[in-house]
Structures are given as structure tokens and as C-alpha cells.
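Chain and residue survey
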Amino acid sequence: MKNERFLPEGYAPLSTLPLPLSAVEELMEQGTVAEGMVLRCDAQHDLHVKFHGYDGVIPREEAVLPEISGADREIAVLSRVGHSAAFVITGIDIDGGGKPLLRLSRRKAQALALEHLLTHCPAGSVVRGRVTHLAKFGAFVDIGCGVVALLPLEHISVARISHPRLRFTVGQHILAAVKQVDAGAKRFTLTHKELLGTWLENAAQFASGETVTGFVRGIKDYGVFVELTPNLSGLADLRDGLEENDAVAVFIKSIRPEQQKIKLQILHKTEQRPQPLRYYITDGTIEDPWQYGSAEQSTSPA
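Before going into details, it helps to say that this report is about the structure given with it. Predicted model only: the values in this text are computed from it and were never measured.

Quick notes on the sheet that holds strand 1 (residues 33-41)
A barrel is described by the order of its strands in space; here five strands give the closed sequence 1-2-3-5-4, paired in mixed fashion. Shown here is a sheet whose adjacent strand axes are inclined to one another by a mean of 50°, direction ignored. Bridge analysis of strand 1 against strand 2 (residues 47-51) gives four bridges, and the strand direction is antiparallel. Each bridged residue has a counterpart across the sheet, and for Arg 40 the counterpart in strand 2 is His 48. Contacts between helix 1 (residues 21-30) and the sheet are confined to strand 2, strand 3 (54-58), strand 4 (84-94) and strand 5 (100-105), with strand 4 contributing the most and set at about 110° to the helix. Along the sheet face, helix 4 (residues 106-120) touches strand 1, strand 3, strand 4 and strand 5 and points at about 130° away from the line of strand 4.

See below:
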């Protein structure tokens, strides 16, 4: 995994075990990126952090790398409260009570992560990510120390969805692949559907004659598209009372690999919830161009 050195904030569980001061000093001397819990943001917008029993402060000017915060710098600072933050230890002071107080820089950690990502994660690279927020046009994903990339809606899955919340939740850990790198703007665009398998890989999970569950993803005058997996849909006859995103039970009438089509019959609505994502590619790089299927059917959700 090409971003293993600089994981998304909150990706790995935080340890609360105490560390000797000598170990903290070693982390500082080596410039190691660490992570702690942000407990509060004071009136000066300095972030107060707990790290292995030590108190630390990320000054306002060290809280966010300007290149990745844009116009939402203040929001980016305030939103860390109650969440973990990556940082580099830049100094150790002793307070009036004789306790060590750590001086921290999230900005430097993000600069290191951004440099690593720009150097080692070209287009096609599979990376770990953590969903930070959702918008109608896509999901924003932390791919390392708070460096956020956009995963556009059309690149989330082959089966079409109307909003990323139908596939992800905020805080969810996902895998993604780098779709495009804008080195000048220091921005990354991601893709996700290539990791979820081809038509044949997904269809191999099912057999004619089975009854399974799915989600209504499109209602046309010629039929209803039902998602069986995020990268596989089948077509059923029209049925009254259905709305997009309804969960349904379906009977698989036929699977036609030569045409890459699945014929379904909708039986009734269900209370199904989305299943955990299944990744067919978990490391390395994706092929360019990636082939979902063969010929013209490679772009069809059914």
C-alpha cells in the first residue's frame, strides 16, 4: 500500500499507553509522524491534544497546511475537536508544574504526507482512505494525515447511485485508486469502482434459480434496474409501488455471461441494509485502461 507511511487520520486505533519521555524525544528527533486526540480548540484556535498521557498544543498557524485547506481553513481547524490529528513533535517545554508540554505541528505532518503522495502515488496507485464528508457530487477522502482527495460520484461504483451516502458513511475506511494527480495544484482525484470487480467476478457470486436481495437503482419505462452488488445490476420487469433505492428480494431468472446481462423478477420489498464492500484489488496499481466487461457491455450497469 503506497500510503502506508502516512495513513489517514483516525485510520489506526489510538493507543493510550504511557510512553517514557525518552521515547517522545526520539520521535521528535526522528521527525516521526504521530497521532493524538484533539480535546479542545481554545479562543486563539490552538488545538489541545492528548498523546500517550502527555499534553500537547498545535498552534493555530501549525494546524493546517495552506495548500490543502483552501477557503475553509478555520473550519478545518475547528472540525478536529473530538477527532484524532496527525502531527510532528517540534519541541518539548516544561510547564510551571514541572510537566512536559509538547509543541506539535500538524502542518509539517501534512507537508510530509503530501510530498510522499505526490512522489510515490501516481495515477493507478491503490491507497487507503477514510471518508471525511459527503456531497451530492462525490465523497471527500483523507488519503494521508488529513490530505483530502475527491472521489467523484461517477467513479464510486458501476451501479449508478444518486448520492455517495448510498455507498459510504462518514468515517468509513475504504480503498481507492488515484485517478488523476494535479501536481501544480497539489490535488488528487480518486476512483473506486475498479477495485470492486469486473462483471464476471461479480456475477460468479450468483446462480440462476436463486433468490437474493438487492436495491432498486433505476426505474425506466422498459424495466427496473436492481443492484445485486455495487458493480453488478440486473433488469427486472416493471412493478408498481417501487421507488429508487428500495431494498427488494429478487428471483434470478437467468444469467447470460455472453451478453453480460442478468434477468430478474422482483418478489417483494425487504429491510436489507448495504453489505460491507468487497474489494477484488487491495494493493498495487489498477490496469489502464480497466475493463469491466467486454465490448460495449463494459459500460453497462446491467
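Digging into unusual backbone geometry
Going from Asp 288 to Pro 289, the amide bond is cis rather than trans, its omega being 0°. Note that Pro 289 resides in the segment after strand 15 (261-269). One non-glycine residue, Cys 145, lies in the positive phi region at around 55°. Examined against the element boundaries, Cys 145 turns out to sit in the loop between strand 7 (138-142) and strand 8 (148-152). Residue Cys 145 is classed as buried on the basis of its relative accessible area, which comes to 2%. Although it is not a glycine, Asn 245 sits at a positive phi angle of roughly 80°. Residue Asn 245 is classed as partly exposed on the basis of its relative accessible area of 29%.

Things to note about the nonpolar core
Counting residues in each nonpolar core, the largest one holds 35 residues, and the members touching the most others are Val 141, Ile 143, Leu 151, Phe 168, Ile 174, Phe 188 and Leu 190. At the level of elements, strand 4, helix 4, strand 6 (126-135), strand 7, strand 8, strand 9 (173-182) and strand 10 (187-191) are the ones that each hand at least two residues to this core. Per element, the largest residue contribution to this core is five residues, and it comes from strand 9. Excluding its chain neighbours within four sequence positions, the residues that come into contact with Ile 143 are Asn 3, Phe 6, Pro 8, Leu 117, Val 127, Arg 128, Ala 149, Phe 188 and Leu 190. Ranked by size, the runner-up nonpolar core spans 20 residues in total, among them Val 158, Val 224, Leu 232 and Ile 266.

Each value, and the rule that gives it
- Residues numbered from 1 in each chain as written.
- Predicted model: local features only at pLDDT ≥ 70, side-chain atom pairs only at ≥ 80, totals over all residues.
- Heavy atoms only, no water.
- Pairing = 2+ DSSP bridges.
- Helix = DSSP H or I, 4+ residues; strand = E, 2+ residues; numbered from the N terminus.
- Axes fitted to C-alpha atoms, helices over the stretch in contact; angles between N-to-C directions.
- Contact = heavy atoms within 4.5 Å.
- Buried < 20%, exposed > 50% of the residue type's maximum accessible area, 1.4 Å probe, protein only.
- Core = buried A, V, L, I, M, F, W, Y, C linked by side-chain atoms within 4.5 Å.

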